[in-house]
Amino acid sequence: MTSTIDTKEIGKPKRQRRHVRTLTEIWPLGDEKTWKEGIRGVDADVPSISKSIVNHVQTSLARQAYNLDNLGAYQAVALSARDDLIVNWNDTQLQYSRSSQKRAYYFSLEFLMGRTLDNALLNLGLKNEFSESANKLGFNLEDLIDCERDAALGNGGLGRLAACYLDSSASTELPMWGYGLRYKYGIFQQLISSDGSQLEAPDPWLNNTNPWELPRTDVTVDIRFYGYAERIGDSGKAIWSGGQEVLAVAYDVMIPGYHTKTTNNLRLWESKPKRGFDLNSFNAGDYEQAVQASNSAENITAVLYPNDNTMVGKELRLKQQYFWTAASLNDMMRRFKNQGKPIEEFSDYVAIQLNDTHPTLAIPELMRLLIDEEDLPWDKAWTIVTNTFFFTNHTVLPEALEKWPVPLVQHLLPRHMQIIFDINMHFLQQVEHKFPGDRDRLARMSIILEGTPQYVRMANLACIGSRKVNGVAELHSELVKTTILKDFVDFYGISKFSNVTNGITPRRWLDQCNPLLSNLITETLKLKKEVWLKDLFKLEGLLQHVDDPTFQKKWAAVKQSNKERLANHVENTLGIKVNTSAMFDVQIKRLHEYKRQTLNLLGVVHRYLALKAMTPEERKKVNPRVVFFAGKAAPGYYIAKLTIRLIVNVARVINADPDTSPYLEMFFLPDYSVSLAEILIPASDLSQHISTAGTEASGTSNMKFCLNGGLLLGTVDGANIEIAEEVGESNVFFFGHLTPAVDELRHQHTYHPVPIEKKSPALAAVLNEISAGRFGDGGTYEPLLNTIRQGDYYLITEDFDSYVQALSMVDAAYQDRTEWIKKSIRTSAKMGKFSSDRAILTYAEEYWNVEPIKVQ
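Residues numbered from 1 in each chain as written. Predicted model: local features only at pLDDT ≥ 70, side-chain atom pairs only at ≥ 80, totals over all residues. Heavy atoms only, no water.

Visitor: Looking at this structure, how should I read the overall build of the chain?
Guide: Helix and strand counts for the chain stand at 36 helices and 22 strands. Along the first, second and third principal axes, the C-alpha set of the chain runs to 100 × 75 × 60 Å. For the chain, contacts bridging at least 24 residues in sequence account for 77% of all contacts bridging at least 6. Accessible surface computed for the chain: about 34300 Å², of which carbon and sulfur atoms make up 52%. Where the 94 positive side-chain charges of the chain centre and where its 104 negative ones centre are 2 Å apart. (Helix = DSSP H or I, 4+ residues; strand = E, 2+ residues; numbered from the N terminus. Contact = heavy atoms within 4.5 Å. Areas by Shrake-Rupley, 256 points an atom, 1.4 Å probe, with all protein chains shown as cover. Lys, Arg positive; Asp, Glu negative; His and termini not counted. Charge placed at Lys NZ, Arg CZ, Asp CG, Glu CD.)

Structural data, given as structure tokens:
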């Protein structure tokens, strides 16, 4: 008999294994004694670690002492550390499976992880042992750490917050996984051209392989796009078929907790074609067609935030969001079913936190799984969904709230558009019942924004489909409740809406990035590091030493050493020497008009013009200042990119001016990353957080700077307010209009404009100097300057004079070095509230109902 082959199955991967962990104490396979004799523990002594490193050089890299460079040594050390993480990871996952407790899952489109080796060794408590082993093998561990590229999995504060929460979940022993995408080229590598413009290049972070990830080729999920959805009678069910299918392949990254065996997981998905190569097309000479399916699938996880100025870019972004959420939910559903529980109990064992609106498609996707695949009726499915999801809002800027054209969603995800329409209909019927006849309210609360075309409002969908909604700072949460989600507060009641102020992990943002300060704190508090790093309120013990001159000198010496480290970095990368006796003033954020890098820049130009107008004797009395900028602008954000160009060209003029350069320098450091932040933050004397009041949800870089003893200059916005409450307003420098005044000021701009020359002559002089070509062709910058002259939505004209006054107050305060050091110490000492451990435990206790699990 001749066997037959289904040609459609050729090239398809074999069915993935079920990936089940045993839930019993009975040994599952082979001879128990033989297995247990072969199971290794964590290598914790120098001889074992050295042997492991050499083993990886010999077998994993196929190299030897004669041909091993720093990069090879880094890979061997990383693989050795990863082995230790895997031992703890396996024990952790087995403990989770056996305990059968509720787990949390953190959905974030970004995870800005930074480098892993240093963090892993510190959390394992083995950095000294690995350092000694590396020395014995002829390498310096710090040099090897510098060989690692930052993981290109994020861009800004959203991704860094997610990374801090992963660290804190493991350190507090919470059963939590992260789910994201494995971007091949990250967002982009930032280069600066000869004219000062930002250029974008692919970030080839995976070129030398990533030793920290485990490819899970046996964990795959089929993901469908396009096709058509056919409803089945009145049951609410439908069959979705046809279209394109791609494969989601899992990659796992271990997340070690600090001073605990708990090691959680970050699962990243990579897109692959179902059949990657069309041999028939290739043999027919159509080589492009032969790889078209492969390229189309792999594009999904090629780049973070593809430029969405085109419809093709919009479609790719939406594809990314569905691909990631669908793969993650299918993976979680498989894990839940392995427990043998009825599907109705899904929300008793699973809590999903939506980090902003990017993962909102998980709501209709879970409905699809429950209705179409699990045969649940609509009401039961909706009850499960609304008890599973929790939504964190990160913005009150209307233009930043995601909206997708209905025709695009219908084309790409026809079944999900049906479900979204159904969710909307059921919801609006409830709204009409509670507020009969209020059609304006129905229009505002509808998931569908009417127009041509219609749009799907993702924030509305996330709010309707989640059990609880939170903002990320007290002011922001109030604004959410009184502005963008006010109608939903009226409908659901206040209890659904609350606040969890963001936090940062002190392990990376103090112990790792500022070891000199960490050691000084440990020595001064007379506590073990693992005590105060897991209870940051212990820093208040430093207040007893504020007036101790010896401690002040040690504190100042640490800051000076960090400034010299940053100066060395600038000299190595830009070839320019930096005055380390000057005040270091830092603003590092993604470029956006509301973050007002432009205000900072205009303040620098004002300072430069004032210096030029002084006599040499007058300049000698001025407080020397070095200003640092860093951050990326989105590829399609023209005004933000123009801001970078102006910063770079102003810096070139200022730094080359012999009259002023001893008193004022400015640098734009390209290709901002976590690793660069770890050098900049400990070196800052002052950091700027100067968003227009009411626009910054929270910010976390403000917390990092303050934790490292940098003082804060800012508006009364976001977490700046709570930082001031903790450290005392005498230790921060506030300026600018307050949030309640913003709308009225914008109204006045539109209907009763006042010329800038009258409102702020100092600002008018600065703008005129730029237009006149003092820093290069003034015409180039007119589109940027016109955003201030015409409309000025972000209130630069209103806040400029107040900002300049605040800078003068900073100068005066810095002249009294002893009092400045005291302010610095007090600031660090009062940052206990801003640990991400506090934030993640709040989510666990007040939102998810998830309890810590001690790994034995």
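Visitor: So what exactly am I meant to see when it comes to helix H13 (residues 378-388) here?
Guide: Note: α-helices contain 3.6 residues per turn, so residues at a spacing of three or four share the same orientation. Taken residue by residue, H13 has Trp378, Ala381, Trp382, Ile384, Val385, Thr386 and Thr388 as its buried positions. On its buried face, H13 is in contact with helix H11 (346-349), strand S10 (350-355), helix H12 (362-373), strand S11 (389-392), helix H15 (414-434) and helix H17 (458-465). (Buried < 20%, exposed > 50% of the residue type's maximum accessible area, 1.4 Å probe, protein only.)

Visitor: For this particular structure, what's the right way to read the sheet that holds strand S14 (residues 455-457)?
Guide: Strand pairing in a sheet is mediated by backbone hydrogen bonds. Such pairs are either parallel or antiparallel. Strands sit in the order S12-S14-S13 across an open sheet of 3 strands; the sheet is antiparallel. Here the strands that pair on one side only, and so sit at the sheet edges, are strand S12 (403-405) and strand S13 (448-449). Bridge analysis of S12 against S14 gives 3 bridges, and the strand direction is antiparallel. The residue of S14 that forms the bridge with Pro405 is Tyr455. (Pairing = 2+ DSSP bridges.)

Visitor: Which parts of the structure should I look at to understand the confidence of the model for the chain?
Guide: Should the pLDDT be low somewhere, the predicted coordinates at that spot are not to be read in detail. Predicted confidence across the chain gives a mean pLDDT of 93, with 95% of residues reaching 70 or more. The element-level mean pLDDT for the chain is lowest in helix H8 (residues 279-283), coming to 60, with strand S1 (residues 103-107) highest at 98. Under a pLDDT of 50 for its full length, residues 1-5 has, in the predicted model, 1 contact with residues more than four places off or in other chains. (pLDDT = per-residue confidence, 0-100.)

Visitor: Before we go on, may I ask you to explain the state of the cysteines in this structure?
Guide: Formally, a disulfide is one covalent bond, and it connects the sulfur atom of one cysteine to the sulfur atom of another. Applying the stated rule across the entire model yields 0 disulfides. Not part of a disulfide, Cys164 finds its nearest cysteine sulfur in Cys513, a span of 11 Å. The class for Cys513 is buried, based on a relative accessible area of 2%. (Disulfide = S-S within 2.5 Å.)

Visitor: Just checking my understanding: could you explain the side chain of Thr739 for this structure?
Guide: As for its placement among the helices and strands, Thr739 is situated in helix H30 (residues 739-751). The class for Thr739 is buried, based on a relative accessible area of 19%. Within the local environment of Thr739, its side chain forms a polar contact with the backbone nitrogen of Gly694, the two atoms lying 3.3 Å apart. Sequence-distant contacts of Thr739, defined by excluding residues within four places in its chain, comprise Leu475, Leu479, Ala693, Gly694 and Val716. (Polar contact = N/O pair within 3.5 Å; in protein donor to acceptor, adjacent residues only side chain to side chain.)

Visitor: Would you explain the packing of helix H32 (residues 761-771) against helix H34 (residues 796-815) in this entry?
Guide: Think of two packed helices as two axes; the pair is described by the angle between the axes and how far apart they sit. Where H32 contacts H34, the axes come no closer than 9 Å and their chain directions differ by 110°. By the angle class used here, H32 and H34 are roughly perpendicular. Contacts between H32 and H34 pair Ala762, Leu763 and Val766 from the former with Ile796, Thr797, Phe800 and Asp801 from the latter. Of the residues that constitute the contact of H32 with H34, the class distribution is 5 nonpolar, 1 polar and 1 charged. (Axes fitted to C-alpha atoms, helices over the stretch in contact; angles between N-to-C directions. Parallel < 35°, antiparallel > 145°, perpendicular 65-115°, else oblique. Nonpolar A, V, L, I, M, F, W, Y, C, P; charged D, E, K, R; others polar.)

Visitor: Explanation requested: the packing of helix H24 (residues 597-612) against H32 in the structure shown.
Guide: Relative orientation of the contacting elements H24 and H32 amounts to 90°, with a least axis distance of 10 Å. Regarding the angle of H24 to H32, the classification is roughly perpendicular. Every residue of H32 that contacts H24 at Leu602, Val605, His606 and Leu609 is listed here: Ala762, Leu763, Ala765, Val766, Leu767, Glu769 and Ile770.

Visitor: Is there a simple way to explain the packing of aromatic side chains in this structure?
Guide: Each pair of aromatic rings is reported with the distance of its centres and the angle of its planes. Overall, the coordinates contain 27 aromatic pairs when judged by the stated rule. Ring plane angle 35° and centroid distance 5.9 Å describe the contact between Tyr105 and Tyr179, whose orientation is recorded as tilted. A residue pair is termed long-range when its members are at least 10 positions apart, and Tyr105 in strand S1 and Tyr179 in strand S2 (residues 176-181) qualify at 74 residues. Among the residues examined, Tyr105 registers a relative accessible area of 4% and is labelled buried. By way of ring pairs, the aromatic residues Tyr105, Phe107, Trp177, Tyr179, Trp269 and Trp324 are connected into one cluster. (Phe/Tyr/Trp six-rings, centres within 6.5 Å; stacked < 30°, edge-to-face > 60°.)

Visitor: How should I be thinking about the sheet that holds strand S21 (residues 711-715) in this particular structure?
Guide: With respect to topology, 6 strands assemble into an open sheet ordered S19-S18-S17-S20-S21-S22, the strand pairing being parallel. The open sheet is flanked by strand S19 (664-668) and strand S22 (732-735), the only strands paired with a single partner. Taken pair by pair, the neighbouring strands of this sheet meet at an average axis angle of 20°, ignoring direction. Inspection of the sheet shows strand S20 (residues 686-689) paired to S21 by 4 bridges, in the parallel sense. Pairing of His689 across the sheet is with Gly714, part of S21. Lying over the sheet, helix H26 (residues 638-655) contacts strand S18 (625-630) and S19, oriented at roughly 145° with respect to S19. Contacting S20, S21 and S22, helix H29 (residues 720-727) crosses the sheet at an angle of about 140° to S22.

Visitor: What is the right way to read unusual backbone geometry from this model?
Guide: One can expect most non-glycine residues to show negative phi and most peptide bonds to be in trans. Of note, the bond from Thr452 into Pro453 is cis; its omega dihedral lies within 30 degrees of zero at 0°. Relative to the elements of secondary structure, Pro453 occurs in the loop between S13 and S14. One non-glycine residue with positive phi stands out, namely Asp375, at about 60°. Among the structural elements, Asp375 can be located in the loop between H12 and H13. In this structure, Asp671 is a non-glycine residue whose phi angle is positive, near 55°. Note on placement: Asp671 falls in the loop between S19 and helix H27 (674-683).

Visitor: Quick question: what am I supposed to make of the pattern of salt bridges here?
Guide: Between side chains of opposite charge, a pair can form when the charged atoms approach closely. This structure, assessed with the given rule, holds 65 salt bridges. One salt bridge connects Arg441 with Asp438, and the closest N-O pair in it is separated by 3.1 Å. Judged by relative accessible area, which is 11%, Arg441 ranks as buried. Its salt-bridge partner being Glu474, residue Lys833 comes within 3.7 Å of it at the nearest N-O pair. Of the two residues, Lys833 sits in the loop between helix H35 (817-829) and helix H36 (836-848) while Glu474 sits in helix H18 (residues 474-482), which places them 359 residues apart along the sequence. Taking the relative accessible area as the measure of exposure, Lys833 reaches 16% and is therefore buried. Residue Glu474 is classed as partly exposed on the basis of its relative accessible area of 39%. Within the structure, one salt-bridge network assembled from shared partners comprises Arg216, Asp252, Arg267, Asp331, Arg334 and Arg335. (Salt bridge = Lys/Arg side-chain N within 4 Å of Asp/Glu carboxyl O.)

Visitor: Please clarify how helix H5 (residues 127-136) should be interpreted in this entry.
Guide: Buried within H5 are the following residues: Lys127, Phe130, Ser133 and Ala134. Angular distribution of buried residues about the axis of H5 spans 130°; they occupy a single face of the element. Turned more than 90 degrees off the buried face of H5, the exposed positions are Asn128 and Lys136. Among the structural elements, helix H2 (46-60), helix H3 (70-99), helix H4 (117-124) and helix H6 (141-145) are those in contact with the buried residues of H5. (Arc of directions from axis to C-beta.)

Visitor: Where do I start with the pairing of strand S17 (residues 583-588) in this structure?
Guide: Across a regular strand the side chains alternate sides, sitting on one face of the sheet and then on the other. When you tally the buried positions in S17, you get 6 out of 6 residues, the bulk of the element. Of the two faces of S17, the one lined by Met583, Asp585 and Gln587 and the one lined by Phe584, Val586 and Ile588 are each fully buried. Summarising the sheet, S17 and S18 pair through 6 bridges and their orientation is parallel. Residue Met583 lies in a different strand from S18, and its bridge partner there is Arg625. Alignment of S17 against S20, held across 2 bridges, turns out to be parallel. In the strand pairing of S20, Asp585 is matched with Leu686.

Visitor: Honestly, a nonpolar patch on the surface in this entry has me stumped. Any pointers?
Guide: A grouping of Leu29, Trp35 and Ile39 is seen on the molecular surface, where their side chains present a nonpolar patch of about 330 Å² in accessible area. With respect to the helices, strands and loops of the structure, Ile39 is situated in the loop between helix H1 (32-38) and H2. (Patch = residues over 30% accessible without salt bridge, like charges linked within 9 Å, V, L, I, M, F, W, Y side chains within 5 Å.)

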